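Breakdown of the fold
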Amino acid sequence: MSQLAEVTGISRAQLTRLIAVLEKRNLVERRHNADNRRVVNVYGTEHGKKSNP
């Protein structure tokens, strides 16, 4: 999430809120990294991929 916030140029707090909204819309999902539970990866869902023009 920190890397994504840095790349997009928005704060981690704003990114967290944005990702929460996208999750509610079933566009993305967050998964904890199996090797390091502190790392959270964000993935596009099939629904989200189909929604992208």
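Please refer to the structure placed before this passage.
Residues numbered from 1 in each chain as written. Predicted model: local features only at pLDDT ≥ 70, side-chain atom pairs only at ≥ 80, totals over all residues. Heavy atoms only, no water.

Some remarks on the layout of surface pockets
- The volume enclosed by the largest pocket comes to roughly 150 Å³.
- Every residue lining the largest pocket is listed: Met 1, Ser 2, Gln 3, Leu 4, Val 39, Val 40, Asn 41 and Val 42.
- Sorting the residues of the lining of the largest pocket by element identifies α1 (2-8) and β2 (40-44) as the ones contributing at least two each.
- Its residues placed into classes, the lining of the largest pocket shows five nonpolar, three polar and no charged. (1 Å grid on protein atoms, 1.4 Å probe; cavity = no way out; pocket = protein on both sides within 12 Å on 5 of 7 lines; lining within 4 Å. Points joined across faces, edges and corners; volume = space filled by probe spheres on them. Helix = DSSP H or I, 4+ residues; strand = E, 2+ residues; numbered from the N terminus. Nonpolar A, V, L, I, M, F, W, Y, C, P; charged D, E, K, R; others polar.)

Structural notes on the pattern of salt bridges
- Applying the stated criterion across every chain yields a total of three salt bridges.
- Among the salt bridges present, the one from Arg 30 reaches Glu 23, with a minimum N-O distance of 2.8 Å.
- Exposure remark for Arg 30: the relative accessible area of 30% places this residue in the partly exposed category.
- You can call Glu 23 partly exposed: its relative accessible area is 30%.
- Its salt-bridge partner being Arg 31, residue Glu 29 comes within 3.2 Å of it at the nearest N-O pair.
- According to the relative accessible area criterion, Glu 29 is partly exposed, its value standing at 32%. (Salt bridge = Lys/Arg side-chain N within 4 Å of Asp/Glu carboxyl O. Buried < 20%, exposed > 50% of the residue type's maximum accessible area, 1.4 Å probe, protein only.)

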